[in-house]
Amino acid sequence: MRGGRAIVALTVVLLAVLGAALHPLAFILSVLPVDTRQLVAALTEARVFIFNLLAWGIVALVVVMVLFTFRGRLVRKVSARPPTDDGSMVPAQPRVVVAVTAYNDAQATADTVRDFIRQPGVIEVLVIDNNSTDRTAELAAKAGARVIHEPRQGYGYACIRGLAEGWSVPSADVVALVEGDGTFAGDDLKKFLAYIGQADMVVGNRVVRGLVEPGSQMDHFFTWGNMAVAFLLRLRFWDSQFLGVATISDVGCTFRVIRRQALEKILPDLTVGGYHFSPHMMLVALLHQLTLLEIPITFRRRVGRSKGASQSIWKGLAVGMAMIWHILTFSPKRPRVTARASLPEEVAVGPR
Ligand SMILES: Nc1nc2c(ncn2[C@@H]2O[C@H](COP(=O)(O)OP(=O)(O)O)[C@@H](O)[C@H]2O)c(=O)[nH]1
Ligand SMILES: [Mg+2]
């Protein structure tokens, strides 16, 4: 069943939270000046039942882990699939097109362009201007970017357009995606390029202590939230040894690099225009059996005001819920393609 493991994990977490909440609830009821003895007894019974269920669940998990360990010793299994070798291997010095999402971030976007344009291997920087009303487009062009206007409002639409436009640059070996908000460092691009020979797509990880600048958007809430949702993604694409076919710990990092041929396979299935685009792209890549690697990157304070998930805890929660629902339920609309993919109308790019 699609997302079955993730649903079981969510149920376990909900049961644990419910069981924990029953304790103080029973206590509060017991000190009330009315007779609540029957209710308290029922709650206590429910709590004991949940506790027993979870405890037996842990025992079963340990037994399964021991069995897997013994089985692994007896049968040497290679569970990591080597990267796709269908002529899509990238050269040692790949040519990179960088696509930058931009929405009313004039200064930060121009700085991002200047930062990335000077990185080794970068042949072009594209700024996807998503209906900005400030000087984003003008300053980005001055900084040396080719500015492309995306009329459909939304972070995901800006990402899809950037990826499609990057794919359409014939000399590009790989396409990088970043935000034009000053959070990502051009210097990190070389880390992605160091690994792109070993995976179809390399994504950034912003949950590594020491690399995240104090005061950045990655506070406790966003760090834990990303880790938890990433674990759901791993449960959906499970591998018993590595706890997921892709060892992902951060689902919301825009900074990623993908091989041109891999991008061609997934572009027609990229459809999410909203803030949950990032895990959407990972899901689609995994459904196409592409290999994903995650690498630790630096994450800096944002320049300017956030318009995305980091606006507030409520916005972050809403985006998190959309991500969870998407991971549990998504499957591509069109039949799975393994051969050469064709681009649909909405991502098709005109002559350059
Ligand atoms: N919020 C928002 N961001 C957009 C949109 N279109 C493009 N973007 C860009 O997408 C990136 C993510 O938005 P951001 O405000 O940084 O969200 P945050 O990372 O959650 O703080 C930025 O580079 C924006 O400029 C849009 O319609 N809304
Ligand atoms: Mg941002």
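Computed from a predicted model, the values in this text were never measured in an experiment.

Colleague: If you had to explain the side chain of Arg259 to someone new, which residues and values would you point to?
Modeller: Structurally, Arg259 is set in strand E6 (residues 256-259). Among the polar contacts made by the side chain of Arg259, one reaches the main-chain carbonyl oxygen of Gly197 at a distance of 3.2 Å. For Arg259, the side chain forms a polar contact with the main-chain oxygen of Ala199, separated by 3.0 Å.

Colleague: Before we move on, can you summarise the pattern of salt bridges with the specific residues and values?
Modeller: For the structure on display, the rule yields 18 salt bridges. Close ionic contact of Arg114 with Asp111 constitutes a salt bridge, the shortest N to O distance being 3.0 Å. Of the two residues, Arg114 and Asp111 are both situated in helix H3 (residues 106-117); the distance of three residues between them amounts to about one turn of the helix. On the basis of relative accessibility, which here comes to 40%, the residue Arg114 falls in the partly exposed class. Overall, the relative accessible area of 36% leaves Asp111 in the partly exposed class. One network of salt bridges, in which partners are shared, links Asp105, Asp181, Arg302 and Lys307.

Colleague: If you had to explain the domain arrangement of the protein chain to someone new, which residues and values would you point to?
Modeller: When the domains of the protein chain are assigned, the result is domain 1 (2-74) and domain 2 (96-342). Look at where the C-alpha atoms of domain 1 and domain 2 centre, and you get two points 37 Å apart. Across the contact, eight residues belong to domain 1 and 10 residues belong to domain 2. Buried area between domain 1 and domain 2, summed over both chains or domains, comes out near 800 Å², and the portion from carbon and sulfur atoms is 69%. Applying the counting rule to domain 1 against domain 2 returns zero salt bridges. Summed over the shared surface of domain 1 and domain 2, the result is two residue pairs in polar contact (both at pLDDT 80 or more).

Cut-off values and rules
- Residues numbered from 1 in each chain as written.
- Chains lettered and ligands numbered in written order.
- Predicted model: local features only at pLDDT ≥ 70, side-chain atom pairs only at ≥ 80, totals over all residues.
- Heavy atoms only, no water.
- Helix = DSSP H or I, 4+ residues; strand = E, 2+ residues; numbered from the N terminus.
- Polar contact = N/O pair within 3.5 Å; in protein donor to acceptor, adjacent residues only side chain to side chain.
- Salt bridge = Lys/Arg side-chain N within 4 Å of Asp/Glu carboxyl O.
- Buried < 20%, exposed > 50% of the residue type's maximum accessible area, 1.4 Å probe, protein only.
- Domains from an automatic or database assignment.
- Contact = heavy atoms within 4.5 Å.
- Buried area = accessible area lost by both parts, 1.4 Å probe.

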